[in-house]
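This is what each chain is made of:
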Amino acid sequence: MKKSKKRAAAAVIIVLLVTAAAAALLIARPRLAYMAAETISKISTQTKLKETECKTESVAVSELSERGIEIDDTLMLVNTDHMLPENYQPDLINYKDTDVIMERHTAQAYAELSEDIGEQFNEGLFVTSTYRTFEEQQQVLEEEGGDTAQQPGASEHETGLAADICFNGYAGMGVLDCKAGRYLNSNCQEHGFIIRYPLGKKNITGIEYEPWHIRYVGKPHAQIISGLDITLEEYINMLEVGKFYKYKDYILSHQQGDELMLPLNVKTISVSHDGCGGYIITAQK
Ligand SMILES: [Zn+2]
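Residues numbered from 1 in each chain as written. Predicted model: local features only at pLDDT ≥ 70, side-chain atom pairs only at ≥ 80, totals over all residues. Heavy atoms only, no water.

Remarks on the domain arrangement of the protein
Using the following cut-off: An automatic or database domain assignment provides the domain bounds reported here. Between two residues, a contact is recorded if the distance between any of their heavy atoms is within 4.5 Å. Defined here as a combined quantity, buried area equals the accessible surface (1.4 Å probe) lost by two parts on assembly, summed across both. The salt bridge criterion pairs a side-chain nitrogen of Lys or Arg with a carboxyl oxygen of Asp or Glu, the two atoms within 4 Å.
Partitioning the protein into domains gives domain 1 (1-45) and domain 2 (85-216). Placing the centre of domain 1 and that of domain 2 at their C-alpha centroids yields a distance of 34 Å. Taken together, the contact pairs 6 residues of domain 1 with 9 residues of domain 2. Interface of domain 1 and domain 2: buried area, both sides summed, is about 710 Å²; carbon and sulfur atoms make up 61% of it. The largest contributions to the domain 1 side of the interface with domain 2 come from Arg31, Tyr34 and Met35, which together make up 77% of the buried area. Summed over the shared surface of domain 1 and domain 2, the result is 1 salt bridge.

Here we look at the sheet that holds strand β8 (residues 193-195)
For clarity, the cut-off: At least two DSSP bridges between two strands are required for those strands to pair. Strands are runs of DSSP state E lasting at least two residues, helices are runs of H or I lasting at least four, and both sets are numbered from the N terminus onward. Note on geometry: axes are C-alpha line fits, over the in-contact stretch for helices, and angles between N-to-C directions span 0 to 180 degrees.
Ordered in space as β6-β7-β9-β8, the 4 strands form an open sheet in which the pairing is antiparallel. Edge strands, defined here as strands with exactly one partner in the open sheet, are β6 (125-129) and β8. Taking each pair of neighbouring strands and ignoring which way they run, the sheet shows an average axis angle of 45°. Sheet topology note: the β8/strand β9 (residues 213-216) ladder contains 3 bridges and is antiparallel. Looking at β9, one finds that phenylalanine 193 is bridged to tyrosine 216. Packed onto the sheet, helix α3 (residues 104-120) meets β6, β7 (162-167), β8 and β9 and runs at close to 140° relative to β6.

As for helix α7 (residues 219-228)
Two residues of an α-helix separated by three or four positions point the same way, owing to the 3.6 residues in each turn. Going by this rule: Per-residue accessibility, obtained with a 1.4 Å probe over protein chains only, is compared with the maximum for each type, and a residue is labelled buried under 20%, exposed over 50%, and partly exposed between these values.
The element α7 is largely enclosed, with a buried count of 8 among its 10 residues. Turning to α7, its buried residues number three or more, namely Pro220, His221, Ala222, Gln223, Ile224, Ile225, Gly227 and Leu228. Considering only its buried residues, α7 is in contact with β8, α8 (232-238), β10 (244-247), β11 (250-255) and β14 (279-284). Two residues or fewer after α7 comes aspartate 229, characterised by a positive phi angle close to 55°.

Things to note about the pattern of salt bridges
Any two side chains of opposite charge can pair, so long as their charged atoms come close to each other. Counted according to the given criterion, the structure contains 12 salt bridges. With a shortest N-O distance of 3.4 Å, arginine 132 and aspartate 164 are connected by a salt bridge. A residue pair is termed long-range when its members are at least 10 positions apart, and arginine 132 in the loop between β6 and α4 (134-144) and aspartate 164 in strand β7 qualify at 32 residues. Each member of the pair, arginine 132 together with aspartate 164, is buried. Linking lysine 243 and glutamate 240 is a salt bridge whose minimum nitrogen-to-oxygen distance equals 3.1 Å. Overall, the relative accessible area of 41% leaves glutamate 240 in the partly exposed class. Because the salt bridges share partners, they merge into one network encompassing Glu156, Arg196, Arg215 and Glu233.

Set out below in structure tokens:
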């Protein structure tokens with residue numbers, strides 16, 4: 001009896017010590033506390049994307065520009081299975097009056113994100129890397145090696161849609177050690193960005209967790225992807241070709257072929273390549 005009591009007491013002490021050690025670790029490393037809290041909150045909140053019926057008209061892809069609809073690349077999937085052609089030409093502009101180069105929509109959304117961070121925190125948002133040419137990506141690969149760098153043609157940086165962000169004194173995984181970095185990770189979807197390589201999704205993205213790499217996909221899509229806790233790979237795969245989906249006042253559709261079925265009675269329509277030979281249509285009522 002005495003022995004088993006001693007054992008039970010020892011077990012209790014071990015449990016207490018492990019709990020105390022875990023708590024100490026979470027307090028000392030805010031990034032771990034953040035990652036634990038995010039994982040729990042994503043289990044409890046679920047976004048809903050409902051299928052819907054809608055009136056449509058058929059428009060040839062070649063006639064879209066006559067309708068004032070440009071095809072952009074904001075939802076384009078880029079990875080080792082969906083490589084960019086060597087002569088790929090992104091739609092690039094300078095961010096404000098800096099020499100930072102970004103894709104056109106991305107630059108606008110980044111300005112919003114940066115303003116949001118500036119208003120809430122006494123922190124400036126900076127970039128360590130945005131657009132890279134094919135040659136620059138080749139150089140990054142040679143310098144960093146294949147474990148962390150993508151081969152040319154497989155990096156989102158070559159589209160100008162991605163940015164590696166940092167804060168003063170906080171870069172890489174360290175962005176989760178500052179309040180502004182944690183806020184950005186939890187809220188960038190409100191400005192059309194996703195954390196492209198989330199925690200625990202390496203089996204899908206092929207890339208370890210990168211809380212510093214944000215990717216522009218546009219507002220409703222970023223909110224849905226983040227709300228469903230999925231990756232861009234899973235999102236494009238989830239949208240069944242030819243179907244229409246409703247999210248808030250948006251109608252979304254994933255389509256293929258030379259003719260697109262565009263929703264009628266909507267205020268705006270935009271079309272993006274999906275990087276897999278198809279298109280994603282985003283209409284707002
Ligand atoms: Zn990056």
